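Working through the structure, step by step
If you want the building blocks of each chain, they are given just below.
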Amino acid sequence: MPSINRAEPEAQSAASLYKKLYGEPEVHEYIRLSDEAMAAIGYTEHGLRHVTQVATSAAKVLTELGHPEEEVELARAAGLLHDIGNLIAREDHEQSGALLAYPILMRLGYTPRQAGTVMGAIGNHEQLGFPPVSAVSAAVTIGDKADVHRSRVRDYHEELEDIHDDVNYACVESALTVNGELSVITLELKIDTKIATVMEYFQIFTERMMMSNEAANYLGCEFHLIINGTKLS
Ligand SMILES: [Fe+2]
Ligand SMILES: [Fe+2]
């Protein structure tokens, strides 16, 4: 009897899987729909600019800390997909987003373990009070919370005195750096204090900074926040 070749399909590298994910029209449609939903409820920009920024930052964090390439690429994938649940509803968008990601990841050839790791990172990026569930999850949380910049405010009107918009709009420069040797992750911001004070910044961003701190600790690092040249944590 002729033998049937039942060899497993060759495993694809996580980098080539990410390339396929980024090229997937369904992903871009969901990112667009999520951003439209956030615009409809008056939230800051959550579109392709934000998610690619988070993907890049998450990948950078793990690269600089010497994590394996597979984790780096899974963090990039989770960064790209982390906010797609917003197209369903803002509340619990991390959980709906993780479940929306599942069929896409499996269709593209991610293994169940890779898909599950990405889903866990998406599902935990807003879980204040819980530690990250993996290095990929920690990196995505840091990347997400570090994306503070005036370009995220859609249509700034000073007279509206919207503190969220004021604080984002006040941020004229932001930079996330990772020092693998010293095990320090630093978010450095330049704030225009004519628009928002450092106190107002803290009022709005305390939770974000707590999550960043916990995520950095998970990765064996300290988290430093520097605003206008002053080290605050
Ligand atoms: Fe989110
Ligand atoms: Fe986000």
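Let me sum up the structure you'll find in this document. (Residues numbered from 1 in each chain as written. Chains lettered and ligands numbered in written order. Predicted model: local features only at pLDDT ≥ 70, side-chain atom pairs only at ≥ 80, totals over all residues.)

**Examining the sheet that holds strand β4 (residues 230-231)**
Convention followed: A strand pair is defined by DSSP finding two or more bridges across the two strands. Runs of H or I in DSSP of at least four residues are treated as helices and runs of E of at least two as strands, each being numbered from the N terminus. Our contact criterion uses C-beta atoms placed from the backbone: two residues qualify when those atoms are within 7 Å. An axis is simply a line fitted to the C-alpha atoms; with a helix, the fit covers only the stretch in contact. Between two such axes, the angle follows the N-to-C directions and lies from 0 to 180 degrees.
Pairing is mixed across the open sheet formed by four strands, whose spatial order is β1-β2-β3-β4. A single partner strand is all that each edge strand has here, and the edge strands are β1 (171-179) and β4. Sheet analysis places strand β2 (residues 184-191) next to strand β3 (residues 222-227), joined by six bridges and oriented parallel. Bridge pairing in β3 places L187 opposite L225. Of the strands in this sheet, β2 and β3 are in contact with helix α9 (residues 198-218), which crosses β3 at around 160°.

**Let's talk about the nonpolar core**
What counts is decided by this rule: Note on definitions: a nonpolar core is a set of buried residues drawn from Ala, Val, Leu, Ile, Met, Phe, Trp, Tyr and Cys, linked by C-beta atoms within 7 Å. We call a residue exposed when 12 or fewer other C-beta atoms sit within 10 Å of its C-beta, buried when the count reaches 20 or more, and partly exposed for counts in between; the C-beta positions come from the backbone.
The biggest cluster of nonpolar side chains holds 62 residues, and the ones touching the most others in it are A58, A75, A78, A101, V118 and A139. Excluding residues that lie within four positions of it along the chain, V118 makes contacts with L74, A77, A78, L81, A101 and L105.

**Focus: the environment of E70**
By the element assignment, E70 lies in helix α4 (residues 69-81). Under the C-beta neighbour-count criterion, E70 is labelled partly exposed, with 17 such atoms within 10 Å. Through-space distance from the C-alpha of E70 to that of V136 is 9.9 Å; in sequence the pair is 66 residues apart.

**A look at the pairing of β3**
Where burial is concerned, the two faces of β3 differ: the one with F223, L225 and I227 is buried and the one with E222, H224 and I226 is not. Sheet analysis places β3 next to β4, joined by two bridges and oriented antiparallel. Counted as the bridge partner of I226 is K231 from β4. Hairpin connection from β3 to β4: two residues lie between these consecutive antiparallel strands, with N228 at a positive phi of about 50°.

**Some words on helix α6 (residues 112-123)**
Rules: Helix span is expected to be 1.5 Å times the residue number reduced by one.
Taking 1.5 Å of rise per residue, the twelve residues of α6 would be expected to cover 16 Å, and the 16 Å separating its terminal C-alpha atoms lies within 8% of that figure. Buried residues of α6: Q114, A115, T117, V118, M119, A121, I122 and G123, and no others. Tucked into the core, α6 has its buried residues touching α1 (14-22), α4, α5 (93-108) and α7 (135-145).

**Re the packing of helix α3 (residues 48-64) against α7**
Rules: For this classification, under 35 degrees means roughly parallel, over 145 means roughly antiparallel, 65 to 115 means roughly perpendicular, and everything else is oblique. Left-handed describes a crossing whose near helix is turned anticlockwise from the far helix by less than a right angle; the clockwise case is right-handed. Residues are grouped as follows: Ala, Val, Leu, Ile, Met, Phe, Trp, Tyr, Cys and Pro are nonpolar; Asp, Glu, Lys and Arg are charged; all remaining types, including Gly, are polar.
Packing of α3 against α7 brings their axes to within 8 Å, and their N-to-C directions diverge by 130°. In terms of orientation, α3 and α7 fall into the oblique class. Relative to α7, α3 is oriented so that their crossing is right-handed. Seen from α3, the contacting residues are V54, S57, A58, V61 and L62; seen from α7, they are A135, A139, V140, I142, G143 and D144. Looking at the contact of α3 with α7 residue by residue, the class counts come to eight nonpolar, two polar and one charged.

**As for the pairing of β1**
Pairing between β1 and β2: eight bridges, direction antiparallel. Its bridge partner lying in β2, V178 is registered against I185. Linking β1 to β2, which pair antiparallel, is a turn of four residues; within it S183 sits at a positive phi near 55°.

None of the figures reported here should be taken as evidence of function without further support.
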